[in-house]
Structure formats: structure tokens, C-alpha cells
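# Reading the structure
One letter stands for each residue in the lines below.
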Amino acid sequence: MNMLSRSFATVALVLAATPLLAQDVVSPTGDVILTIDGSIGLRNSGDAFMFDLDMIMELPSEEIVTTTIWTEGDQSFVGVPLGDLLRAVEADGERITATAINDYAVEIPMEDAEPGRALVAYLRNGETMALRDKGPLWVVYPYSADDDFQTEVIYARSIWQLDRITVK
Ligand SMILES: Nc1nc2c(c(=O)[nH]1)N[C@H]1C(S)=C(S)[C@@H](COP(=O)(O)O)O[C@H]1N2
Ligand SMILES: [Mo]
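Residues numbered from 1 in each chain as written. Chains lettered and ligands numbered in written order. Predicted model: local features only at pLDDT ≥ 70, side-chain atom pairs only at ≥ 80, totals over all residues. Heavy atoms only, no water.

## A short note on the site of ligand 1
Near ligand 1 the following residues occur: Trp70, Ala100, Asn102, Tyr104, Glu152, Tyr155, Ala156, Ser158, Ile159 and Trp160. In the model, an oxygen atom of ligand 1 is placed 3.0 Å from a nitrogen or oxygen of the Trp70 side chain. Between ligand 1 and Asn102, the relevant distance is 3.4 Å, taken from a nitrogen atom to a side-chain nitrogen or oxygen of the residue. Bound to the protein, ligand 1 loses 66% of the 530 Å² it would expose on its own. Among the elements that make up the shell around ligand 1, the one with the highest residue count is helix α4 (residues 152-157) (three residues). Its residues assigned to classes, the shell around ligand 1 shows seven nonpolar, two polar and one charged. (Near = heavy atom within 4 Å. Polar contact = N/O pair within 3.5 Å; in protein donor to acceptor, adjacent residues only side chain to side chain. Areas by Shrake-Rupley, 256 points an atom, 1.4 Å probe, with all protein chains shown as cover. Helix = DSSP H or I, 4+ residues; strand = E, 2+ residues; numbered from the N terminus. Nonpolar A, V, L, I, M, F, W, Y, C, P; charged D, E, K, R; others polar.)

This is the structure in C-alpha cells:
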């Protein structure tokens, strides 16, 4: 194959693959633990995108080691950075409303979706979190890393039992 036919083949492959990818949106097979709606570009259920835990675990993951005001000693949290989660559903907005299973709700500005800020955690100290342990999803920040994260505003955004995000 010469260079021209190779590049032609590549273009043809991309053109052929694009519509397939567009249709191939993943859907939950397990319990739905998070629903994202509002200003998003990717949906798998009506106006919303629903995730089970496996789907969230497929996204980029990070670990934060920090103390929190709710726990004793250093904690390891593993989860998806808020920015990566929102990018996965092609979110386009200035802020989100995060809602918990107990209907607690808080607004989080997109600024907290920048790296090194909000993490949507699904593991604490290596284990999934039960409902009574603020799971299965808990928005945490690297509190120990900076005094700026040790504020009432950030504590209020640290929503546990997160189950819905509306992008605005
Ligand atoms: N799911 C859930 N997350 C929540 C809350 C809540 O009531 N439910 N309260 C928030 C508020 S307003 C604050 S200041 C912190 C503090 O929680 P505390 O009441 O345990 O101190 O958690 C935040 N996360
Ligand atoms: Mo609060």
C-alpha cells in the first residue's frame, strides 16, 4: 500500500466508524446509581444519561488521600474527577446541581470540575461505600491539601449519597 491509499483507507475507516460509535452508547446493566441530565450532549435514556457503578469505574480514576471532617485519620478516596465525569456526557454548562438520595441538593460551579478539585468517589479505603457510609457516591475534595478546601462552602458541596447531577 502506498501512502495515498493508506491515508485514503484511514479516512474511509474513520467515516465508516463514526456513525457506529454514535449509535454505540453504553447503557447500565446493573443498578442505576447516578443520573445526569440538563445540558448534556450524550444520552442513553430519554433526556438523561444513566450510570451503573461499572460504567463509572470505566471512566478515568484518581485517588485523593486526605482527612475529612466526617472521618478519623487519613482516608483514601478513589473515584472519577468531576471534570472527567462531565466530559464523558459532553456536559456544557456553568454549574451543576448535585442532588442526594435524601434530596439534599447543592450547586457546584464548573470551576470545581478543574483538575485537583472535586472527585466523585466510589471507593473509600479500597472498599465500595454502603448507603449508611455515605455511599455509593460521595463528592470529596482534597481537604488536607489546601486551607481553601476547609470551608463551609466546600463542605456543603461535599455531597454524599449523590444520585443526580443536572448540568445548567
Ligand atoms: N447527602 C448529603 N450531603 C451533605 C449534606 C446533607 O444533608 N446530605 N449536608 C451538606 C452540608 S450543608 C454540609 S456543611 C456538610 C456538613 O455535614 P455535617 O452536617 O455532617 O457537618 O455536608 C454536606 N453534604
Ligand atoms: Mo452546611
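## Remarks on the pairing of strand β7 (residues 119-124)
Of all six residues in β7, five are buried, a share of seventy percent or more. Taken together, the three bridges between β7 and strand β9 (residues 138-140) define a ladder with antiparallel strand orientation. The residue of β9 that forms the bridge with Ala121 is Trp138. Sheet topology places β7 next to strand β8 (residues 127-128); two bridges connect them, and they run antiparallel. Bridging from a neighbouring strand, Arg124 pairs with Glu127 of β8. Between β7 and β8, which follow one another and run antiparallel, lie two residues, and Asn125 among them has a positive phi close to 50°. (Buried < 20%, exposed > 50% of the residue type's maximum accessible area, 1.4 Å probe, protein only. Pairing = 2+ DSSP bridges.)

## So, the confidence of the model for the protein chain
For the protein chain, mean pLDDT is 91; residues scoring 70 or higher make up 86% of the total. Here residues 1-12 is a poorly scored stretch, pLDDT under 50, and it has one contact once near neighbours within four places are set aside; other chains count. (pLDDT = per-residue confidence, 0-100. Contact = heavy atoms within 4.5 Å.)

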